[in-house]
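Chains, contacts and geometry: an overview
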Amino acid sequence: MDLTALTSAVNTFWVLITGALVFFMQAGFALVEAGFTRSKNTTNILFKNLMDFAIGTLGFWLIGYGIMFGEGNGFFGSFEFFSKTDHGAALGIPNMAFFFFQLVFAATAATIVSGAMAERTKFVSYLVYSAVITLFIYPISGHWIWGGGWLSQLAIPFHDFAGSTVVHSAGGWLALAGAIVLGPRIGKYKNGKIYAIPGHSITLGALGVFILWLGWFGFNPGSTLGFGDPELVAHIFVTTNGAAAAGAVATLITTWIKYGKPGLGMTLNGVLAGLVAITAGCDAVTPGGAIVIGFIAGIIVVFAVEFFDRVLKIDDPVGAVSVHGVNGAFGTLAVGLFAKDGGLFYGGGAGLLGTQAIGVVSVFAWTFGIGLVLFFALKYTIGLRVSKKEEENGLDYYEHGEKAYN
């Protein structure tokens, strides 16, 4: 085997093994969502997290991959059926390796939506909107940034290394649209008062967050798409981990001061907030900068959850909008401040920050806007929400005829 072939083999193995780690994040999302919600809906939640990857696999393979990476124009790739066009050759890896890595990212964006709409969504409607997300919505905005589209062609190109905006904000803003159209769970807001609806297992939630933290070591370092620069890979491991740790500490301190006691549930979301926020700039900021970004994200998530819950009265059972939407946007903007090359705090001026802001606003407008159209269309056709009786007694029995706990 010559050096070129050996390099390609190493890089291919790196992309596939980190892609497998990102796939394992599906288990993390499933456990977090199941743990943070009630036991009567556990089968439904696990089933949805299974099927969004299954459906996402087929949809992204059918046309989503081509829409995202095809040569089309600045706004839309092309209809390349069955992912046959080779988009991996320029990277020195097989097309199917690149396809698989991008597939697991697409599935992540779709599964984020599930948490905000948990415990009251019709299963068939979930299957439909999950398919639409991976077939069209995610690939279109993804093309703008990673597929050679207009955001990557700006004078100062938009920088989102591993998907704070491409994946997490896109999923978070779709989740926001879905939660608005769907409405709150029964009993959440009554007579001007807000009632907490506790999840049934903090143990499952904690295990899910540990799995997600592990998976992020595939999500961010794997986005190098090769192992040719071990120093960069190691740097991304350190910035990713530092931001997660700082997010946990910041949320711990914030909840302790704000509520008088440290809260594990919110601190788990603090870990995820730090991870989401660092994803855009994990390659571009220093380890110290990553810790600052993660720490700020850990504070933001506490106040964002309260804002959506208490001010806007939007019921998000797992805090998906705050973790992924809000902190995805914050982390993307933070690149414009903390990037060693071009960041405002490093003497680079406001140019990069301006580009980042354009990208954040554009992806929000697309995903939130088309999300409202999608969810209203489902609401007034096949229906989006289960009946009152089904919601009160649990989706496990009425939607699937099987309970998670017997």
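Residues numbered from 1 in each chain as written. Predicted model: local features only at pLDDT ≥ 70, side-chain atom pairs only at ≥ 80, totals over all residues. Heavy atoms only, no water.

**Observations concerning the overall build of the protein**
This is how it is decided: Helical segments are the DSSP runs of H or I of at least four residues, strand segments are the runs of E of at least two, and each set is numbered from the N terminus. Here's how the labels work: a residue is buried when its accessible area is under 20% of the maximum for its type, exposed when over 50%, partly exposed in between, all with a 1.4 Å probe on protein chains only. Two residues form a contact once any of their heavy atoms are found within 4.5 Å. Here the Shrake-Rupley method, with its probe set to 1.4 Å, supplies the accessible areas, and only the displayed protein chains count as covering residues. None of His or the chain ends enter the tally, which takes Lys and Arg as positive and Asp and Glu as negative. The atoms used to mark charge sites are NZ of Lys, CZ of Arg, CG of Asp and CD of Glu.
Looking only at helices and strands, one finds 13 helices and two strands in the protein. Each principal axis of the C-alpha atoms in the protein carries an extent, and together these give about 65 × 50 × 35 Å. Looking at the protein as a whole, 57% of its 406 residues qualify as buried. In the protein, 76% of the contacts between residues at least 6 apart in sequence involve partners at least 24 apart. Summed over all atoms, the accessible surface of the protein reaches about 15500 Å², with 70% contributed by carbon and sulfur. Charged side chains in the protein number 20 positive and 22 negative. The centres of these two groups are separated by 18 Å.

**Observations regarding the nonpolar core**
Operational definition: Nonpolar cores are built from buried Ala, Val, Leu, Ile, Met, Phe, Trp, Tyr and Cys residues. Side-chain atoms within 4.5 Å join them into one set.
Counting residues in hydrophobic clusters, the biggest one holds 99 residues, and the most contacted among them are Tyr129, Tyr138 and Phe375. Examining the composition of this core, we find that 14 residues originate from one element, helix α3 (residues 95–116), more than from any other. Other than its neighbours up to four places away in sequence, Phe375 contacts Val113, Met117, Tyr129, Leu174, Ala177, Gly178, Val181 and Leu384.

**Brief notes about the side chain of Asn95**
Basically, it comes down to this: Side-chain atoms alone can form a polar contact between residues adjacent in sequence; in general such a contact is a pair of N or O atoms within 3.5 Å, and within protein one must be able to donate a hydrogen while the other accepts it.
Along the chain, Asn95 falls in helix α3. A polar atom in the side chain of Asn95 sits 3.0 Å from the backbone oxygen of Ser83. Within the structure, the side chain of Asn95 is placed 3.3 Å from the backbone oxygen of Thr85, a separation counted as a polar contact. Setting aside residues no more than four positions away along its own chain, Asn95 makes contact with Tyr65, Ser83, Lys84, Thr85, Asp86, His87 and Gly88.

**Focus on helix α5 (residues 164–182)**
For the record, the criterion: One fewer than the residue count of a helix, multiplied by 1.5 Å, yields its expected span.
Here α5 contains 19 residues, and its C-alpha end-to-end distance of 25 Å stays within 8% of the 27 Å for a straight helix at 1.5 Å per residue. When you tally the buried positions in α5, you get 18 out of 19 residues, the bulk of the element. Within two residues after α5, Gly183 carries a phi angle of roughly 85 degrees, on the positive side.

**Here's the deal with the packing of helix α4 (residues 123–146) against α5**
The cut-off we apply is this: For helices, the axis comes from a line fit to the C-alpha atoms of the stretch in contact; other axes are also lines fit to C-alpha atoms, and the angle between any two N-to-C directions lies between 0 and 180 degrees. When describing relative orientation, an angle under 35 degrees is termed roughly parallel and one over 145 degrees roughly antiparallel, while 65 to 115 degrees is termed roughly perpendicular and anything else oblique. Should the near helix be turned counterclockwise from the far one by less than a right angle, the crossing is left-handed, whereas a clockwise turn marks it as right-handed. Gly is put with the polar residues, along with every residue not named as nonpolar or charged; the nonpolar set is Ala, Val, Leu, Ile, Met, Phe, Trp, Tyr, Cys and Pro, and the charged set is Asp, Glu, Lys and Arg.
Their axes nearest at 10 Å, the elements α4 and α5 cross at an angle of 135 degrees. In terms of orientation, α4 and α5 fall into the oblique class. The element α4 and its partner α5 pack so that their crossing is right-handed. In this structure, α4 contributes Ile133, Ile137, Tyr138, Gly142, Ile145 and Trp146 to the contact, and α5 contributes Thr165, Val166, Val167 and Leu174. Across the contact of α4 with α5, the residue classes break down as eight nonpolar, two polar and no charged.

**Things to note about a nonpolar patch on the surface**
Put simply, the rule reads: Patches were defined on residues exceeding 30% relative accessible area and lacking a salt bridge, with like-charge contacts within 9 Å and nonpolar side-chain contacts (Val, Leu, Ile, Met, Phe, Trp, Tyr) within 5 Å. Salt bridges, as used here, are contacts in which a Lys or Arg side-chain nitrogen is within 4 Å of a carboxyl oxygen on Asp or Glu.
Judged by side-chain polarity, Trp61, Leu62, Phe79, Phe81, Phe82 and Phe136 come together as a nonpolar surface patch covering roughly 560 Å² of accessible area. Taking relative accessible area as the criterion, Phe79 reaches 48% and is therefore assigned partly exposed.

**Observations regarding the environment of Ala177**
Mapped onto the elements, Ala177 comes out in helix α5. Along the backbone, Ala177 and Asp52 are 125 residues apart, and their C-alpha atoms lie at a distance of 18 Å. Not counting chain neighbours up to four residues away, the residues in contact with Ala177 comprise Phe368, Gly371, Leu372 and Phe375.

**Some details on the packing of aromatic side chains**
How we decide: Working definition: a ring pair exists when centres of Phe, Tyr or Trp rings (six-membered ring for Trp) sit within 6.5 Å. Plane angles under 30 degrees give stacked, over 60 give edge-to-face, the rest tilted. Should the NZ of a Lys or the CZ of an Arg lie within 6 Å of a ring centre and within 35 degrees of the ring normal, that charge is described as sitting over the ring.
All chains considered together, the criterion is met by 29 aromatic pairs. Here the aromatic rings of Phe60 and Phe99 are separated by 5.9 Å at their centres, their planes lie at 25 degrees, and the arrangement is stacked. Highlighted residues: Phe60 in helix α2 (residues 42–69) and Phe99 in helix α3, separated in sequence by 39 residues. Here Phe60 and Phe99 have matching classes, each one buried. Looking at Lys48, its charged tip hangs above the ring of Tyr126, at a distance of 5.2 Å from the centre.

**Focus: the pattern of salt bridges**
The final tally for this structure, using the stated rule, is eight salt bridges. Its salt-bridge partner being Arg185, residue Asp315 comes within 2.8 Å of it at the nearest N-O pair. Taken together, the positions of Asp315 in the loop between α9 (287–311) and α10 (320–338) and Arg185 in the loop between α5 and β1 (189–190) put the pair 130 residues apart, joining distant regions of the chain. Its relative accessible area of 2% is what places Asp315 among the buried residues.

**Re the packing of helix α1 (residues 3–35) against α3**
For any two helices packed against each other, one specifies the crossing angle of their axes together with the interaxial distance. Viewed as axis vectors pointing N to C, α1 and α3 meet at an angle of 15 degrees, and their least axial separation amounts to 9 Å. Considered as vectors, α1 and α3 are oriented roughly parallel to each other. In terms of crossing hand, the pair formed by α1 and α3 is left-handed. Residues Thr12, Val15, Leu16, Thr18, Gly19, Ala20, Val22, Phe23, Gln26, Phe29 and Glu33 of α1 form the contact with α3, whose own contacting residues are Ala97, Phe100, Phe101, Val104, Phe105, Ala107, Thr108, Thr111, Ile112, Ser114 and Gly115.

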